[in-house]
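# Observations on chain architecture
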Amino acid sequence: ATITYDGVLDGDTLGAPAFDYGGYKKGPDVGTYTVTVKEPANGNYDIKTTSANFTVTPYGLDIEWSDDTPFTYNKTAQKPIATIKNPITGLAAPAVTVTTYSETGVAADAINAGSYTAKASVTDGNYSIASGETKTFTIKKKSVTIIVGKSVTYGDTATFSENDLTITGLIGNDTLGGNPTFKSEYTAGSPGAGEGYAINVKFLGNALNPKYFLFSLVITGNLSVKKKAFTIKVKKCSVKLGSDPDF
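Residues numbered from 1 in each chain as written. Predicted model: local features only at pLDDT ≥ 70, side-chain atom pairs only at ≥ 80, totals over all residues. Heavy atoms only, no water.

## A few points about the overall build of the chain
Applicable threshold: What counts as a helix is a DSSP run of H or I of at least four residues, what counts as a strand is a run of E of at least two, and both are numbered from the N terminus. Based on C-alpha atoms, the radius of gyration is set beside the globule rule, defined as 2.2 Å times the residue count to the power 0.38. Three labels apply to residues, based on accessible area from a 1.4 Å probe with only protein chains included: buried if under 20% of the type maximum, exposed if over 50%, partly exposed otherwise in between. By the convention used here, residues are in contact when the closest approach between their heavy atoms is within 4.5 Å. In this description, accessible areas are obtained by the Shrake-Rupley approach with a 1.4 Å probe, and a residue is regarded as covered only by the protein chains that are shown. A residue counts as positive if it is Lys or Arg and as negative if it is Asp or Glu; His and the chain ends are not included. Just so you know, the charge point we use is NZ for Lys, CZ for Arg, CG for Asp and CD for Glu.
Scanning the chain from N- to C-terminus turns up zero helices and 17 strands. Scaling as 2.2 N^0.38, a compact globule of 247 residues should have a C-alpha radius of gyration of about 18 Å, whereas the chain reaches 42 Å, well beyond that. Dimensions of the chain along its principal axes, counting C-alpha atoms only, are 160 × 40 × 25 Å. Across the 247 residues in the chain, those meeting the buried criterion constitute 24%. Taking as baseline every contact in the chain between residues at least 6 positions apart, the subset at least 24 positions apart corresponds to 55%. Total accessible area computed for the chain in this model is approximately 16800 Å², and 50% of it derives from carbon and sulfur atoms. In the chain, the 23 positive side-chain charges and the 23 negative ones have mean positions that sit 22 Å from each other.

Structure representation (structure tokens):
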């Protein structure tokens, strides 16, 4: 509080005044309070005091964000952590709520791969956010690995499907998509049981699940040709003693 004196002769002092803040102490709610000056002791003056109002404004919080971004898609909501850098000593810090927003500014859980904004807020009216209210962050696509492999019996036709792909990295019941197409030089008449033929699988980038990432849209694997099994049967016959068998 600031005090002005009116009527005091030059050179005189009235002593240190005392203040009555009407019961206000650090910590009560924001609002308007009354402060009154108690009369200092001085026998040379008939002292009259007045009171004045003072306003308690919200305390400005400085927000600090965790440095754990970017995140990688994991099928759950993710967001950085907001902490208060400048809490008031002796008072319990207010709870900070973090809300995430999509690139279009719509409040939404940050689950899928993409860019988001995290915004910190407090519901306690005694506080406001002074700095660090928002933080932009990203969720990266999760990488997957694919192994292509199949075997076919010599002389048979090789047919391919997504069942011939071993995909590592998908979460839960997620699918990769990509409309894969298969190509191999092997045909039913290709020679060489025990030989291997290349299988090329091509994915369409714009058809892939946008939550996942492939290092290459063309995957090469191996088609192995197995030997074809067959059976030789010998017909039962009878031979006269001393004669050679006739087959």
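## Quick look at the environment of Ala 92
Among the secondary structure elements, Ala 92 is positioned in the loop between β6 (82-84) and β7 (97-101). A residue is classified by how much of its surface remains accessible, and Ala 92, at 68% relative accessible area, is exposed. Spatially, the C-alpha atoms of Ala 92 and Asp 46 are 45 Å apart, while their sequence positions differ by 46 residues.

## Quick look at the pattern of salt bridges
Counted only if it meets this: Criterion for a salt bridge: a side-chain nitrogen of Lys or Arg within 4 Å of a carboxyl oxygen of Asp or Glu.
Per the counting criterion, the structure on display carries two salt bridges. A salt bridge links Asp 174 to Lys 75; its shortest N-O distance comes to 3.2 Å. Here Lys 75 lies in the loop between β5 (71-72) and β6 and Asp 174 lies in the loop between β13 (165-168) and β14 (181-184), a separation of 99 residues in the sequence. The salt bridge partner of Asp 164 is Lys 150, with a shortest N-O separation of 3.4 Å.

## Description of the sheet that holds β14
Note on sheets: strands pair through backbone hydrogen bonds, and any given pair is parallel or antiparallel. As a reminder of what qualifies: Strand pairing is defined by DSSP finding a minimum of two bridges between the two strands. Orientation is described by lines fitted to C-alpha atoms, with helices fitted over the stretch in contact, and by angles between N-to-C directions that extend from 0 to 180 degrees.
Read from one edge to the other, the open sheet built from five strands follows the order β13-β12-β17-β15-β14, with strand pairing classed as mixed. Single-partner strands in this sheet number two, and they are β13 and β14. Neighbour to neighbour, the strand axes of the sheet diverge by 25° on average, direction disregarded.

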